[in-house]
Amino acid sequence: MLSSVLSLVVLLSATGAAAVERVEHDYYKYHPMPEITDWMAQVEKDHPDVVTVVEYGQTYEKRTISLLKIGLNTGEEKKAIWMDCGIHAREWIAPAFCQYFVRQILQAHKTDPKMQEMLKNLDFYVTPVLNMDGYIYTWKDNGTRLWRKNRSPGPSGCNCTGVDLNRNFNATWGTIGVSFDCCSNIYCGRQAASEPEAQAVTYFVGSRKEAFLCFLTIHSYGQLLLLPYGHPNFTASNYNELMEVGLGAADAIRRVHGMNYTVGTSPAVLYPNSGSSRDWARMLGIPFSYTFELRDKGTFGFELPEDQIQPACEEAYSGALHIITYAHDKTFSGAVATAAATLWTMLLAVGVTGNTLM
Ligand SMILES: [Zn+2]
């Protein structure tokens, strides 16, 4: 009798141990690709009502590119927000940010009425690592840590590997700030959208272009918010609004940990370039297209220490949310704003406002 009670106790404690064994994902560490893939599956499992893993392409090395679609299923046609991280392999803080961003919006979904409203009106499409082959290569050893491009072989006669995916999009492709030397870190490829990773984004976003309000592509480093266009001869039709919203995002960032982000077009604050996904998205008609260059300004560069992941993500989240909220409110509060403006005009007409007393 005593022994059977004891064995029952042993059995119960063993089950208890198994129940708590699940390892929590550490958002303040850098994770190799397999852990990020497992994390995506786990997020979907934990939030089946709001999260779906969507596969939408293949890398050169035949890995499946996938994103997390996050939003409430309302049965209505929804607007959308795009975010991709890790288009440049060595910019490890970017995939860390995408993971953090997903966790934050899922937490806010439970507590914050504004986020609940946005998840009803919007779907977030978040790709934690776009350049998976390159990212995996940077984890190989110390000699490969600073790899930037994808892993497709150069054209015949060239022994170098990789295309700069952020020079490969079909936006003034090959005109400025690129190299046609396949050994260069800014090699733009044989032709626009020659690379499977660029094709995947081009097809997925291009086939839903009316839905997207924002296209946010996350890089490091430099603490910049870059807006279209990379070619100095072209100006976005909504340049003033992009600047205003970008400066608002920089203010939001500064309020978190006091860090300064510079806002402007690529030629104005960094260097001219062509074939970027940001420019491609704006040319497609997506109004709010930005490149985030996260921390730092060069002290650690691409090798930002893990103890800066949390502050870097916290401030960038605040900046991203500023842009997303603006785009959301502009689209979905339009009716309310118009009604208020109409009322104001009527009050002015009948002389009820304070101004008429002066
Ligand atoms: Zn980059």
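Calculation notes
- Residues numbered from 1 in each chain as written.
- Predicted model: local features only at pLDDT ≥ 70, side-chain atom pairs only at ≥ 80, totals over all residues.
- Heavy atoms only, no water.
- Helix = DSSP H or I, 4+ residues; strand = E, 2+ residues; numbered from the N terminus.
- Buried < 20%, exposed > 50% of the residue type's maximum accessible area, 1.4 Å probe, protein only.
- Contact = heavy atoms within 4.5 Å.
- Areas by Shrake-Rupley, 256 points an atom, 1.4 Å probe, with all protein chains shown as cover.
- UniProt positions renumbered as here; feature names shortened; annotations may be inferred.
- Polar contact = N/O pair within 3.5 Å; in protein donor to acceptor, adjacent residues only side chain to side chain.
- Pairing = 2+ DSSP bridges.
- Axes fitted to C-alpha atoms, helices over the stretch in contact; angles between N-to-C directions.
- Phe/Tyr/Trp six-rings, centres within 6.5 Å; stacked < 30°, edge-to-face > 60°.
- Lys NZ or Arg CZ within 6 Å of the ring centre and 35° of its normal.
- Donors = N, O, S within 2.8 Å, 3.2 Å for Na, K, Ca; no water.
- Tetrahedral: all angles 85-135°; square planar, octahedral: opposite > 155°, others 65-115°.
- Core = buried A, V, L, I, M, F, W, Y, C linked by side-chain atoms within 4.5 Å.
- Parallel < 35°, antiparallel > 145°, perpendicular 65-115°, else oblique.
- Left-handed = near helix turned anticlockwise from the far one by under 90°.
- Nonpolar A, V, L, I, M, F, W, Y, C, P; charged D, E, K, R; others polar.

## Regarding the overall build of the chain
Turning to step 1, where the next piece is worked out: Regarding its fold elements, the chain presents eleven helices and eight strands.
Turning to step 2, where the next piece is worked out: Taken across its 358 residues, the chain has 50% of its residues classed as buried.
Turning to step 3, where the next piece is worked out: Taking the contacts inside the chain whose residues are at least 6 apart along the sequence as the reference set, 75% of them involve residues at least 24 apart.
Turning to step 4, where the next piece is worked out: With the model as given, the accessible surface of the chain reaches about 16,500 Å², and the carbon-plus-sulfur share is 56%.

## Comments concerning the UniProt feature "active site" (unreviewed entry) in the chain
Turning to step 1, where the next piece is worked out: The UniProt entry lists Glu293 under the feature "active site" (unreviewed entry), expressed in the numbering used here.
Turning to step 2, where the next piece is worked out: Of the residues examined, Glu293 reaches a relative accessible area of 8% and is grouped as buried.
Turning to step 3, where the next piece is worked out: Leave out the neighbours within four places in its chain, and Glu293 touches His219, Ser220, Tyr221, Gly222, Gln223, Leu224, Leu226, Tyr261 and Leu270.
Turning to step 4, where the next piece is worked out: Here Ser220 takes part through its backbone nitrogen, which lies 3.4 Å from a polar atom of the side chain of Glu293.

## Details of the sheet that holds strand 4 (residues 122-127)
Turning to step 1, where the next piece is worked out: The strand order across the open sheet formed by eight strands is 1-2-4-3-5-8-6-7, and the pairing between neighbours is mixed. Each edge of the open sheet carries a strand with a single partner, namely strand 1 (51-58) and strand 7 (262-265). Strand-to-strand, the axes of this sheet are offset by a mean angle of 20°, without reference to chain direction.
Turning to step 2, where the next piece is worked out: Its contacts with the sheet place helix 6 (residues 196-206) against strand 1, strand 2 (64-70), strand 3 (79-85), strand 4 and strand 5 (212-220), and it is angled at close to 130° to strand 1.

## Quick look at the packing of aromatic side chains
Turning to step 1, where the next piece is worked out: With the rule as written, the count across this model stands at 23 aromatic pairs.
Turning to step 2, where the next piece is worked out: The interplanar angle of 45° and the centroid separation of 6.4 Å between the aromatic rings of Tyr28 and Tyr100 together place this pair among those described as tilted. Placement of Tyr28 in the loop between helix 1 (2-19) and helix 2 (33-46) and of Tyr100 in helix 3 (residues 93-111) is noted, with a sequence separation of 72 residues between them.
Turning to step 3, where the next piece is worked out: On the basis of relative accessible area, Tyr100 is assigned to the buried category, the value being 5%.
Turning to step 4, where the next piece is worked out: Against the face of Tyr27 rests Arg103, its NZ or CZ located 4.5 Å from the ring centre.
Turning to step 5, where the next piece is worked out: Between the NZ or CZ atom of Arg145 and the centre of the ring of Trp92, over which it lies, the distance is 3.7 Å.

## Topic: the environment of Thr331
Turning to step 1, where the next piece is worked out: Along the polypeptide, Thr331 turns up in helix 10 (residues 309-332).
Turning to step 2, where the next piece is worked out: For the pair Thr331 and Leu213, spaced 118 residues apart in sequence, the C-alpha separation works out to 8.6 Å.
Turning to step 3, where the next piece is worked out: Each residue touching Thr331, except ones within four places of it in the same chain, is listed here: Lys79 and Leu213.
Turning to step 4, where the next piece is worked out: At 2.8 Å, the side chain of Thr331 forms a polar contact with the backbone oxygen of Ala327.

## Focus on the coordination of the zinc ion
Turning to step 1, where the next piece is worked out: Bound to the zinc ion on the protein side are His88 (ND1), Glu91 (OE), Glu91 (OE) and His219 (ND1), at distances that span 2.1 to 2.4 Å.
Turning to step 2, where the next piece is worked out: What the four donor atoms of the zinc ion show is an angle range of 58 to 150° at the metal, which sorts the shape as irregular.
Turning to step 3, where the next piece is worked out: When the donor residues of the zinc ion are listed from N- to C-terminus, their spacing reads H-x2-E-x127-H. Taken together, the positions of Glu91 in the loop between strand 3 and helix 3 and His219 in strand 5 put the pair 128 residues apart, joining distant regions of the chain.

## A closer look at the nonpolar core
Side chains that are nonpolar tend, in soluble globular proteins, to be buried together.
Turning to step 1, where the next piece is worked out: One finds Trp82, Met83, Phe97, Phe101, Phe124 and Leu216 to be the most contacted residues of the largest nonpolar core, which totals 88 residues.
Turning to step 2, where the next piece is worked out: Beyond its immediate chain neighbours, meaning those up to four positions away, Phe97 contacts Met83, Ile218, Leu294, Cys313, Ala316, Tyr317 and Ala320.

## What to know about the packing of helix 4 (residues 113-121) against helix 10
Turning to step 1, where the next piece is worked out: For the pair helix 4 and helix 10, the least separation of the axes is 11 Å and the interaxial angle reads 60°. The angle between helix 4 and helix 10 places the two elements in the oblique class. The two elements helix 4 and helix 10 meet at a crossing, and its hand is left-handed. Where helix 4 abuts helix 10, its residues Lys114, Met115, Glu117, Met118 and Asn121 lie against Tyr317, Leu321, Ile324, Thr325, His328, Asp329 and Phe332.
Turning to step 2, where the next piece is worked out: Taken together, the residues of the contact of helix 4 with helix 10 break down into six nonpolar, three polar and three charged.

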